[in-house]
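Structure assessment
So you can see what is in the structure, the chains are spelled out below.
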Amino acid sequence: MAVCRRVQLLLLFMSLSTRFFFTQGAKSQGGVNENLVDNADMGKNPGAPLQDGKLLAAAASQPRRSTGWKLAEEEACREDLTRLCPKHSWNNNLAVLECLQDRKEDTEISTDCNHLLWNYKLNLTTDPKFESVAVEVCKSTINDDVHSQGEVIACLEKGLVSEVEEQTEHYSIKEDCKKAIMRVAELSSDDFHLDRHLYFACRDDRERFCENIAAGEGRIYKCLFNHKFEDTMSGKCREALSTRQKLIAQDYKISYSLAKACKQDLRKYRCSVDTTLPRAREAKLSYLLLCLESAVHRGRTVSGECQGEMLDYRRMLMEDYSLSPEIVLHCRGEIDTHCSGLHHKGRTLHCLMRVSRDKGIMDNLCQKALQTLVQETDPGADYRIDRALNEACESVIQTACKHIRSGDPMILSCLMEHLYTDKMVEDCEHRLLELQYFISRDWKLDPILYRKCQNDAARICHTHGWNETSEFMPPGAVFSCLYRHAYRTEEQGRRLSRDCKTEVQRILHQRALDVKLDPDLQRRCMTDLGKWCSEKTTEPGQELECLQDHLEDLGSDCRDVVGNLTELESEDIQIEALLIRACEPVIQSYCHDMADNQIDTGDLMECLVLNKHQKEMNEKCAVGVTHFQLIQMKDFRFSYKFKMACKEDVLKLCPNIKKKVDVVICLSTTVRNDTLQDVKDQRVSMKCRRQLRVEELEMSEDIRLDPDLYESCRQDIKDHCQNVLFGNAQVIECLKDTKKRLSPRCHQKVFKLQEKEMIDPELDFQLMRVCKQMIRRFCSESDAKNMLQCLKQNKNSELMDPKCKQMITKRQITQNTDYRLNPVLRKACKADIPKFCQPILNKATDDNELEGQVISCLKLKYADQRLSPDCEDQIRVILQESALDYRLDPQLQMQCTEEIPRLCAEEVAAQEQTGQVEECLKVNLLKIKNEACKKEVLNILKESKADIFVDPVLHTACALDIKHQCAAIPPGRGRQMSCLMEALQDKRVRLQPECKKRLQDRIDMWSYAAKVAPAEGFSDLASQVLSSPAKSYILTMMGMCVVLLFLMGLLCGRITKRVTQELKDR
């Protein structure tokens, strides 16, 4: 090893090398033949020896001394040496060679000198000064004839590479010797003939793949590198090429073409003058690539020739992992375990990427080596660098991304946009996600993002240059910093530029496709992903949705990051690329303007919710929109517009409440109380009240958006509404229809919901949906609170839609079951209800219907004419409506459950109810066996005395007579009925036959009713008399009786008094 102590001493003996080369040629016939082939091949190279042998003879005639021969003394190079090289370097052959080698790129050197230098370099590898090192390093591999075909230098090169890769504790080559080996490799970089081992290993392959490529300037090397993984490439040649590539990775100057093409750019951008770095690191190919790539990413000009060379070597590093010693050293275990036998065409690297992405069990040093390689090769700038990706995705690029120029960085974004679509193929999908996994961990590796955001990152996130890192702001944290500022308002300050925000949104859209593309999310949620969202239970791209579904079950760190992402999605739902893709038809038809806005602020999701039931809405989009609505219920912060509108109100009025549904209830209760109390300055702000209304309307569409109601009725839904689809409030409607069969808890919740909907009909989703057109036609000017009242008033219009009419009837039936479900009646009869119906109220509970008992009570008082005017008006309306449709009388329907189908089956089956069933019951009063049912029919008869409108059959029959005989008499309090009865008794008045017949029937029925149901007390008797059509006659007769009794009393009193007096006088 002592002979390698100084490289200058080593090269003093180059004369011996030259002489040895020529004497060696005479040793055997075989050796002569090989050199003849060599010289014949070298004839293609203008730098090869002259064919006339002149210079060979000159070299052979040199003195046979181990020292003393100098290149400077040769006549062929003297003139060039004097012109180009400083005189102090002439005594050092290596210095002279370096000088002339470097300067010949810039100026002409004579042909003779060129040939002399070429021969000198050719013989350099046989220098005996390498032999002593080779004997130690290559004991097991070198031949006995250490001078055979450049085996010495080849073995040393392999030893040097192995030492870098393995860091073995065996024989170590000293630094000076390493430099000499690298220098020899560098001197042979322009012509592959100069690398004797590689030349002889690849002669046949050169003829096969590079026959038409002229030697010189490293062209043959490049050609062979490009065909390295061809199936027909010999193993010996492939090994020799790999060794040379590994040396290039250690020192870029060993690549002649790269060093020449990038020489000016390296100087321009000071890539080789960093005095803080050791020369060994500064010379590495990775350092050159990072330095020049940094310049390109900063928008600086790098020559096209240099960029072309860089592209070749970046592709070379991606194809063969073994060219990166850090990967060979630190990933050996992973390669042996998971990726053995996948060496070719970048497959091993992608295998390692897959292990890191899918299994998460990779050694940190291996992970770091892979991340470094991706930064060095920068495949994000040009997908073609990654051969495995290029081959896997070629068909997708040709179809889905054909509009983008080949090699454009946007190709990767295009591929991501088509992830999980029909155009994507499985192999491309895997390769793409494996690469994006590493690109996503360093924001600089997306060239478009870096170009658009580098100024913002420096201004806001305090970043450094492209290939510089900071422990205070690591690469993975920069993007988090950017997206936090992307959605800031002007008031919050320090916003991103428009172009940068667009790119941040693009990256967020891509990351939403796969949680593993979000480093922070994957790191914090690794355990929760495995626990709740394994690959067996979760489809690709659905992992974030799964985490959102289990938000309450997640660990605190994972819950925080998922919550932040969900909050961000609420502001910009376009981040959810899969959802936006599924909802494209609806967006194009109804939400086009919102989608075009760069700043979303929740408008797009609100539009999708409003149009969730349009015909363009497909199942995937509907499911996605509903899922996001369900997630929003977990935290009011997840509804961006609601959060921004009500943030201050929540802090003031509903502190410590987190769930959105609870916040909505809290705020809506406050609004309701303030409204009922006529508070002048409402506590909830106007902007919050507006958004609160939007949230309430959204929640009414799906029972799952009301978690309390959903949980209370979950079992009832399974029992009674199992085949009913969620959405469109269908499940809620089903529960309403089966209310009598519901569990007590669910029944109470449904009753409370109905009470709320009756107060505010706009929250009744089914009513608003079914009657949408009718509301526009009849109630466009009505207040939302009076919507149902308006629809009821127009229910019997000829223009009313039958489906809407049916829905109105259902709501009327519901209202008549309990006065609390009729807010207009409740307000009008506020004083009458406790006055007349207190016993019923005493038995009532807050959450259960009274089955129409209070309304029946009020009906009877209406017949007795004892209600206040406002209450009487409302009861009259109810009586009129229920007279037409028996279903609106819950007490009648409940008490006559058996009698109605038995006696009036035909009337029940009628398409439209116009009072037929009640008339049937009246006619068949004598046939009714159930006493409770009979009593209800008698009550109807009693009520009909008070107002002819309550008896639709009679009113229809006598309509013309009322017009002629009773036009001046106002309705109510039995006035018109009395008018008709008087007309019936007046022989001068001729009533219509049908009216006369119906009136006579009613008199008979009332007479029967009076017999069957006599007055139960004086008050009842008085009310019957007062409500009777013959009350004038009855009152007259009663008055005459009283007068008669009075007269009799007077007469009897006088007689009694006289008799008493006579007795006293006795």
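Residues numbered from 1 in each chain as written. Predicted model: local features only at pLDDT ≥ 70, side-chain atom pairs only at ≥ 80, totals over all residues. Heavy atoms only, no water.

As annotated in an unreviewed UniProt entry, the protein chain carries the name Golgi apparatus protein 1 and comes from Pygocentrus nattereri.

**Focus on helix α26 (residues 426-439)**
Between its first and last C-alpha atoms α26 spans 20 Å; for 14 residues at 1.5 Å apiece the expected length is 20 Å, and the two agree. Counting buried residues in α26 gives eleven out of 14 residues, a clear majority hidden from the surface. Residues of α26 that are buried in the fold lie against α22 (347-359), α23 (364-377), α24 (387-400), α25 (410-417), α29 (498-511) and α30 (519-524). (Helix = DSSP H or I, 4+ residues; strand = E, 2+ residues; numbered from the N terminus. Expected span 1.5 Å × (residues − 1). Buried < 20%, exposed > 50% of the residue type's maximum accessible area, 1.4 Å probe, protein only. Contact = heavy atoms within 4.5 Å.)

**Some points on the state of the cysteines**
Taken as a whole and assessed by the stated rule, the structure comprises 27 disulfides. What pairs with C262 in a disulfide is C306, and their sulfur atoms sit 1.9 Å apart. The disulfide joining C262 to C306 has a torsion of about 105° about its S-S bond and is therefore right-handed. Of the two residues, C262 is situated in the loop between α15 (256-261) and α16 (263-268) and C306 in helix α19 (residues 304-319); the sequence distance between them amounts to 44 residues. Classification of C262 by relative accessible area gives buried; the value is 0%. We classify C306 as buried; its relative accessible area is 0%. A sulfur-sulfur separation of 2.1 Å characterises the disulfide bridge that pairs C771 with C804. Disulfide C771-C804: torsion about the S-S bond near 110°, hence right-handed. With C771 in the loop between α46 (765-770) and α47 (772-778) and C804 in helix α49 (residues 802-816), this pair connects stretches of sequence that are 33 residues apart. Neither residue differs from the other here; C771 and C804 are each classed as buried. (Disulfide = S-S within 2.5 Å.)

**Here's the deal with the packing of helix α56 (residues 899-908) against helix α57 (residues 916-923)**
Following both chains from N to C, one finds α56 and α57 inclined at 140°, their axes separated by 9 Å at the closest point. With respect to their mutual orientation, α56 and α57 come out oblique. Crossing of α56 over α57 shows right-handed handedness. Counted together, I900, L903, C904, E907 and V908 of α56 and Q916, V917, C920 and L921 of α57 form the full contact between these two elements. Grouping the amino acids of the contact of α56 with α57 by side-chain chemistry returns seven nonpolar, one polar and one charged. (Axes fitted to C-alpha atoms, helices over the stretch in contact; angles between N-to-C directions. Parallel < 35°, antiparallel > 145°, perpendicular 65-115°, else oblique. Left-handed = near helix turned anticlockwise from the far one by under 90°. Nonpolar A, V, L, I, M, F, W, Y, C, P; charged D, E, K, R; others polar.)

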